[in-house]
There are 6 protein chains.
Amino acid sequence: MTEKPEIPSVLNDSLIAALNTISTATLTHQLQMRGVRSTFMSGLKPLHPEKRMVGRARTLRYVALREDLQAQYAGGVNAQKRVVESIEPGDVLVIEARGVPDAGTIGDIYATRLFGRGGSGVVTDGALRDTPAIADIGGPVYHQASHGSTYGRQHMPFSADEPVTCAGVFVAPGDVIVGDGEGAVVIPAALVEEVVANSLIQEEREAFALEMVASGQPTLDLFPLAKERLPEFEAWKSAKASAGAKS
Amino acid sequence: MTEKPEIPSVLNDSLIAALNTISTATLTHQLQMRGVRSTFMSGLKPLHPEKRMVGRARTLRYVALREDLQAQYAGGVNAQKRVVESIEPGDVLVIEARGVPDAGTIGDIYATRLFGRGGSGVVTDGALRDTPAIADIGGPVYHQASHGSTYGRQHMPFSADEPVTCAGVFVAPGDVIVGDGEGAVVIPAALVEEVVANSLIQEEREAFALEMVASGQPTLDLFPLAKERLPEFEAWKSAKASAGAKS
Amino acid sequence: MTEKPEIPSVLNDSLIAALNTISTATLTHQLQMRGVRSTFMSGLKPLHPEKRMVGRARTLRYVALREDLQAQYAGGVNAQKRVVESIEPGDVLVIEARGVPDAGTIGDIYATRLFGRGGSGVVTDGALRDTPAIADIGGPVYHQASHGSTYGRQHMPFSADEPVTCAGVFVAPGDVIVGDGEGAVVIPAALVEEVVANSLIQEEREAFALEMVASGQPTLDLFPLAKERLPEFEAWKSAKASAGAKS
Amino acid sequence: MTEKPEIPSVLNDSLIAALNTISTATLTHQLQMRGVRSTFMSGLKPLHPEKRMVGRARTLRYVALREDLQAQYAGGVNAQKRVVESIEPGDVLVIEARGVPDAGTIGDIYATRLFGRGGSGVVTDGALRDTPAIADIGGPVYHQASHGSTYGRQHMPFSADEPVTCAGVFVAPGDVIVGDGEGAVVIPAALVEEVVANSLIQEEREAFALEMVASGQPTLDLFPLAKERLPEFEAWKSAKASAGAKS
Amino acid sequence: MTEKPEIPSVLNDSLIAALNTISTATLTHQLQMRGVRSTFMSGLKPLHPEKRMVGRARTLRYVALREDLQAQYAGGVNAQKRVVESIEPGDVLVIEARGVPDAGTIGDIYATRLFGRGGSGVVTDGALRDTPAIADIGGPVYHQASHGSTYGRQHMPFSADEPVTCAGVFVAPGDVIVGDGEGAVVIPAALVEEVVANSLIQEEREAFALEMVASGQPTLDLFPLAKERLPEFEAWKSAKASAGAKS
Amino acid sequence: MTEKPEIPSVLNDSLIAALNTISTATLTHQLQMRGVRSTFMSGLKPLHPEKRMVGRARTLRYVALREDLQAQYAGGVNAQKRVVESIEPGDVLVIEARGVPDAGTIGDIYATRLFGRGGSGVVTDGALRDTPAIADIGGPVYHQASHGSTYGRQHMPFSADEPVTCAGVFVAPGDVIVGDGEGAVVIPAALVEEVVANSLIQEEREAFALEMVASGQPTLDLFPLAKERLPEFEAWKSAKASAGAKS
């Protein structure tokens, strides 16, 4: 009834493991440095700030309600049902709702199904419906608002697995979505390898800088890291590595 | 000094008990299905998401400050004092503040009095003042913002127990207000019995659907519930009922 | 490299001790009563609602990004670095970011340095970056949003320790900033002594009123406190004082 | 059917004549100087910037649509019909529509009736409907938006000739409304005489200042007018007066 | 290169002639009466309020800029070029720009081409670029803002002739767009015949009501038209008809 | 009393003559192509859309009102007076008002003085006061709103001739401001020569493209201009030049 989507995934276990250690701030910065400026989703709140989310983007686009077409778009096995019933393990559902705060875009039953199918999370720039029940499921969710009404108050489900603009960011199916307590960021599929590799380097330098600053040193030659201090950084890395090896 | 208000109440113990089990999402949906689309209050946050609130609407309307009239409207036993001092057990105070975020509409002393008189909660589309102290009282409160200033910065208390528009929803004294972790919804007094009865039916069907979906079934014939599965649903109900009877 | 700022401080231990007991609501009201109406910062959230913040204002002003000037303003030891590296114990950094929600204004490394130098807190009407890591530092922070991007997406650091407008409030270096679970308020340096003295009086009266109201009395002659009840209030104060003395 | 409203009018021919010569900016400033800060209606556009409007406030309050009450409030001789059919010569209809831009609040037929009864103008913080036809009537109208839908999309007419908040300003029936190309201002009924008298003085001084500035003089001792230049101003006034007498 | 679009048109000369006489307010009301509430485009301004626009919807959807995909979507014969170069006489281009005010969505060269191909108008919920030059072309245009930047500041052209949401209204290619001095309304293709027929009846009744009201009659039994006055209305119609016949 | 400002001007007669022929859209595009994306001032309206404005930026910064400092900042020869009284021929006053719509930032007397001293225009992201009188002066003005109140309702004049952020754009004294019917753009002083030279080339190509498109040709190889058509363009240029020479 709902067929397996033809969406290439660029993720593998090592990338997922790495992405689970990198902050959305670092990923956003790495994309900024490549001239990709709009990747962090603005104005969304994490339902579980302590959770992390990593997954492949699956998309759902809502359009404005027009009552004469409601049966056509909302009836039967609509786009919302199709995308939820074809979620695969590791998928993150990204919903375009035009930033409308006063109508639900997903409720507890579809959220239960999504996470039950192994989905990694949900991102909507509209409202959640049944927020308390969705929170109880425990999976990562990013949303703009909560509202008791169904989507039928403002929306019609229109398309599944086509590109959307969510919270100001363009998302194509297959892009990688990462979330933490700060929010959610979209990593273009084609840039994931490069962004992850460079993010790990950046985070190691920042870990060194943070440790030095926490110990009372000024930020001036630590952030960004000055050439003069690279040997010290290298030594710190080796020490950490051997310490890691020992333990 | 402040006389008992002549506000009919449609609530009774069984309705209150039922309403304490129904989500605001279900109530909002039942009203949507009756063509009443604007009943969930948009843009408000629960101060205690884990609390539930059920009660009869009592109303307070603020109007824009005009300094030449401040003594007349804010002085003496103004509308705010009148409504707070006539709160009866089970009342929810609904405050119209035109969505203004940068002036208080109720502070800790009035909130203490309101809950001390048995009030069930407070809903304001303006700001709370003394938010930490109000939070300590522990009663359910829904608000748009927090602000340290008194209402005198932007408002004058104008009328008590007359209809208001709060957070985009028309509320008449005597309407029923229900709140949970999602937010607050207004149930027109005349529709409460019908909405509650149908909500209980809806929630039982959704409980069945949710249990099936949680067990790994697709949503397709469960939400909405397909005719073919009604016998299964009835059997599930009976089983639950007898289980309930046994325990 | 970054010299000690010439910013007079009006705070002393007894003022700080007093300010740690006064709500931002009371301070805001005392300023309203003196005709100073815009002192509570609108639209900001506390990162740690349970924390209190008291300190001397230090300021950082961001201006809109103009790429042709980015190197000039953001490069080298820019205004952000200068102000963070000259933070003194008890300073609160107040950041003007024009209310822009979608670009960071301070991240975990600078926040670590700021609190490491003894800073008392941070207030920004823009976004935090690295919000989870900043939350872990544990110090009081007030912000409008969270965003993964660096300030370079929207801002250039422009000036340090010059007056700013933050969250709708004018702040001069040396003003006093107080924060609690409601938000943050600016007390003009020249008014601190007077505002604190009168706030203590107001809070004692409100403590009496609150105790009476909590015990079931009406608010009518308690808030504001009627002349007839002053003797009762004085007696209550003496009782409390001797009780305090005994213990 | 619709009885004559009991609304005292403070206007008389000489006040109206004077008000037709005073800018809304001067009237707003005179009210500011008396501590009444919110009197100019924010965010409204004049439909005929070249027209002036002076009249007594008549009011109409819309509340949020609730479909279960639509028949009760919108049906029959509703508040909109009552107020329009009781307009008297010189009345200005002020409509509270909560700043909602996407629903009409008055259309061409009611506007034709209002001006046909001698009404002086219309002010709404909602939308006009039939804007081109209303523009053709030619009378002064101030509005926030234009929209093709009827009020039934968002509103119910609720009350006539009771106080309202329109475009951020409190308006009581009987207040005086003045409009010009800048917008519309509310003059509290009790302050009209005083405000007009002082506005005439202010405008004469500003006319002198403007003439001097236009002739190339600096603003410094002209605006505000310095004591040293009062004799010159008095001479200018006398000259103008005798010139006026001669012609 | 750009093939003729397969878009059915429901318009014919008599419908177009009729639509050129009906106000957008009447059309919007007829749709409201059929339960279709969101058809008038909110928040747009006519560039030529005196012009009327009638045509078949052609659509262009912009998505948020993502620099890594700019070449792919904006380069070559992109969606904007395709739709403009396939405009047929009577088409109205409807642009979805997510309500973004600070980036152009169409400039003078494409607008010249569009009108040169016989297009009937342009509707965008984003900004015009080259507004003065577009105004000089003289054709009807509805827009939210004006901005000097190209779409590349915020947008990528994504699709042509697929459904869009513009200014809050769902528009499918082939729907009918009508504009006048009030704004623009979308008539679902399937409802055009019925809406036009009923609009003509409504406008005739309102013309009668308006004439009576203009002659000094109350609105009460004229708007809506009371049964008792139908004979009078019929007589008025016949009189007008014969008058029309004579002339 | 107010000394001549030390602000270098990069403008000369030929640059001014050229800038008077270039649209703000072309200038904004040339800056975009150089990576300077925020130069067109968003959300401002021209008071005289038919006028053009070219000049050197002079700046005035308003900060939020704080009543305890009003005398200090607004009294005496404040920043507003200083900048207006030191305007030189060709200066454009750019006012930072934090986008606040409901308080004046400049009125008719100061505007008269500014244009009387030879000023080229005014740009404010706040409100005009005395809009009708300012319109009568006839000089180019760009503003966000109109309001009858004086700046004292929300602002204090803070600094003159220091960098500001106006309508989202950073402006330094000495930058070049150009306005037309679309709005106003800021050209960084250091880029003016280059931007003007390239804008003239761009406009000539677009004039050719526009002429071809107006004559019925497709846009495809004209905008942008394809290499194959350069000879044709060169011929068109020569023809125009000799035609110009002849006349």
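Predicted, not measured: the structure shown is a model, and the values here were computed from it.

### Topic: the relation of the copies chain A and chain B
And then number 1: Mapping chain A onto chain B leaves a residual RMSD of 0.0 Å; the transformation is a rotation of 120° accompanied by 0.0 Å of translation along its axis. Here the two chains are linked by the operation of a three-fold rotation axis. Residue Lys 45 of chain A, judged by its C-alpha, is the member of chain A lying nearest the rotation axis, at 7.5 Å.

### Quick look at the relation of the copies chain A and chain E
And then number 1: Mapping chain A onto chain E calls for a rotation angle of 180° and an axial translation of 0.0 Å; the resulting RMSD is 0.0 Å. On this basis, the relationship between the two copies can be described by a two-fold rotation axis. Across chain A, the smallest distance between a C-alpha and the rotation axis is recorded for Arg 98 of chain A, namely 3.6 Å.
And then number 2: By residue overlap, the copies meet face to face through one surface: 100% of the interface positions of chain A are interface positions in chain E.

### Focus: the domain arrangement of chain A
Residues and elements named next belong to chain A.
And then number 1: Parsing chain A into structural domains produces domain 1 (13-189) and domain 2 (195-246).
And then number 2: If you average the C-alpha positions of domain 1 and of domain 2, the two centres end up 35 Å apart.
And then number 3: If you look at the interface, domain 1 gives 14 residues, while domain 2 gives eight residues.
And then number 4: Roughly 880 Å² is buried in total at the junction of domain 1 and domain 2, and carbon and sulfur atoms are behind 61% of that figure.
And then number 5: Ranking the residues of domain 1 by area buried against domain 2 places Ile 22, Thr 26 and Gln 30 at the top, with a combined share of 45%.

### Section: the pairing of strand β2 (residues 53-64) of chain C
Residues and elements named next belong to chain C.
And then number 1: With respect to burial, β2 is a largely interior element, 12 of its 12 residues being buried.
And then number 2: Here β2 pairs with strand β12 (residues 176-180) via four bridges, running antiparallel. Pairing of Arg 56 across the sheet is with Val 176, part of β12.
And then number 3: Relative to strand β3 (residues 91-96), β2 is paired through six bridges, and the arrangement is parallel. Paired with Arg 58 across the two strands is Leu 93, which belongs to β3.
And then number 4: Where β2 and strand β9 (residues 155-160) come together, five bridges link them in antiparallel fashion. What sits directly across from Ala 64, in β9, is His 155.

### A few points about unusual backbone geometry
And then number 1: Here the residue pair Phe 223 of chain B and Pro 224 of chain B is connected by a cis peptide bond, since its omega of 0° sits within 30 degrees of zero.
And then number 2: With respect to the element layout, Pro 224 of chain B can be found in the loop between α7 (192-214) and α8 (230-246).
And then number 3: Phi is positive for Asp 130 of chain B, close to 65°, though the residue is something other than glycine.
And then number 4: Note that Asp 130 of chain B resides in the loop between β6 (127-128) and α6 (131-137).
And then number 5: According to the relative accessible area criterion, Asp 130 of chain B is buried, its value standing at 8%.
And then number 6: For Asp 161 of chain F, which is not glycine, the phi torsion reads 60° and is therefore positive.

### Quick word on the interface of chain A and chain E
And then number 1: Each side of the interface is counted separately: chain A has 29 residues, and chain E has 29 residues.
And then number 2: For the chain A and chain E pair, buried surface summed over both sides reaches about 2,100 Å², with 55% attributable to carbon and sulfur atoms.
And then number 3: In terms of surface lost to chain E, no three residues of chain A exceed Arg 66, Glu 67 and Phe 170 of chain A, which account for 33% of the buried area on that side.
And then number 4: Connecting chain A to chain E are six salt bridges.
And then number 5: With its nearest N and O atoms 2.8 Å apart, the salt bridge here joins Asp 175 of chain A to Arg 66 of chain E.
And then number 6: At the surface where chain A touches chain E, the tally comes to 12 residue pairs in polar contact (both at pLDDT 80 or more).
And then number 7: At the level of elements, β2 (53-64), β9 (155-160), β10 (164-166) and β11 (169-171) of chain A are the ones that each hand at least two residues to the side of chain A that touches chain E.
And then number 8: When its residues are assigned to classes, the side of chain A that touches chain E shows 17 nonpolar, four polar and eight charged.

### Things to note about the arrangement of the chains
And then number 1: At the level of C-alpha atoms, the two units chain C and chain E stay apart, their nearest approach being 13 Å.
And then number 2: The two units chain B and chain F never meet; even their closest C-alpha atoms stay 13 Å apart.

### A look at the interface of chain A and chain B
And then number 1: Facing the 22 residues of chain A at the interface are 25 residues of chain B.
And then number 2: Buried area between chain A and chain B, summed over both chains or domains, comes out near 1,900 Å², and the portion from carbon and sulfur atoms is 60%.
And then number 3: It is Ile 109, Arg 113 and Arg 153 of chain A in chain A that bury the most area against chain B; as a group they hold 31% of the surface buried on that side.
And then number 4: One can count zero salt bridges joining chain A with chain B.
And then number 5: On the surface where chain A and chain B come into contact, there are 11 residue pairs in polar contact (both at pLDDT 80 or more).
And then number 6: Sort the elements by how many residues they give to the side of chain A that touches chain B and helix α5 (residues 108-116) of chain A lands first, with five residues.

### Concerning the pairing of strand β13 (residues 184-187) of chain A
Residue and element names in this part refer to chain A.
And then number 1: Burial along β13 is two-sided: Ala 184 and Val 186 facing one way and Val 185 and Ile 187 facing the other are all buried.
And then number 2: Across four bridges, strand β12 (residues 176-179) lies against β13 in antiparallel orientation. Looking across to β13, one finds that Ile 177 is bridged to Val 186.
And then number 3: The turn linking β12 back onto β13 is made up of four residues, and Gly 183 within it adopts a positive phi angle of 155°.

### Here's the deal with the pattern of salt bridges
And then number 1: On inspection of all chains with the given rule, the structure shows 108 salt bridges over all chains.
And then number 2: The shortest N-O distance in the salt bridge between Glu 228 of chain C and Lys 227 of chain C comes to 3.6 Å. Pair check on accessibility: Glu 228 of chain C and Lys 227 of chain C agree, each one exposed.
And then number 3: One salt bridge in this structure joins Arg 153 of chain D and Asp 102 of chain D, with 3.3 Å as the shortest N-O distance. One end of the pair, Arg 153 of chain D, is in the loop between β8 (145-146) and β9 (155-160); the other, Asp 102 of chain D, is in the loop between β3 (91-96) and β4 (104-106), and 51 residues separate them in sequence. Exposure class is identical for Arg 153 of chain D and Asp 102 of chain D. Each is buried.
And then number 4: The structure contains a network of salt bridges with shared partners spanning Arg 56, Arg 58, Glu 88, Asp 91 and Asp 161 of chain A.

Thresholds, definitions, all that
- Residues numbered from 1 in each chain as written.
- Chains lettered and ligands numbered in written order.
- Predicted model: local features only at pLDDT ≥ 70, side-chain atom pairs only at ≥ 80, totals over all residues.
- Heavy atoms only, no water.
- Least-squares fit on C-alpha atoms with pLDDT ≥ 70 in both.
- Contact = heavy atoms within 4.5 Å.
- Domains from an automatic or database assignment.
- Buried area = accessible area lost by both parts, 1.4 Å probe.
- Buried < 20%, exposed > 50% of the residue type's maximum accessible area, 1.4 Å probe, protein only.
- Helix = DSSP H or I, 4+ residues; strand = E, 2+ residues; numbered from the N terminus.
- Pairing = 2+ DSSP bridges.
- Salt bridge = Lys/Arg side-chain N within 4 Å of Asp/Glu carboxyl O.
- Polar contact = N/O pair within 3.5 Å; in protein donor to acceptor, adjacent residues only side chain to side chain.
- Nonpolar A, V, L, I, M, F, W, Y, C, P; charged D, E, K, R; others polar.

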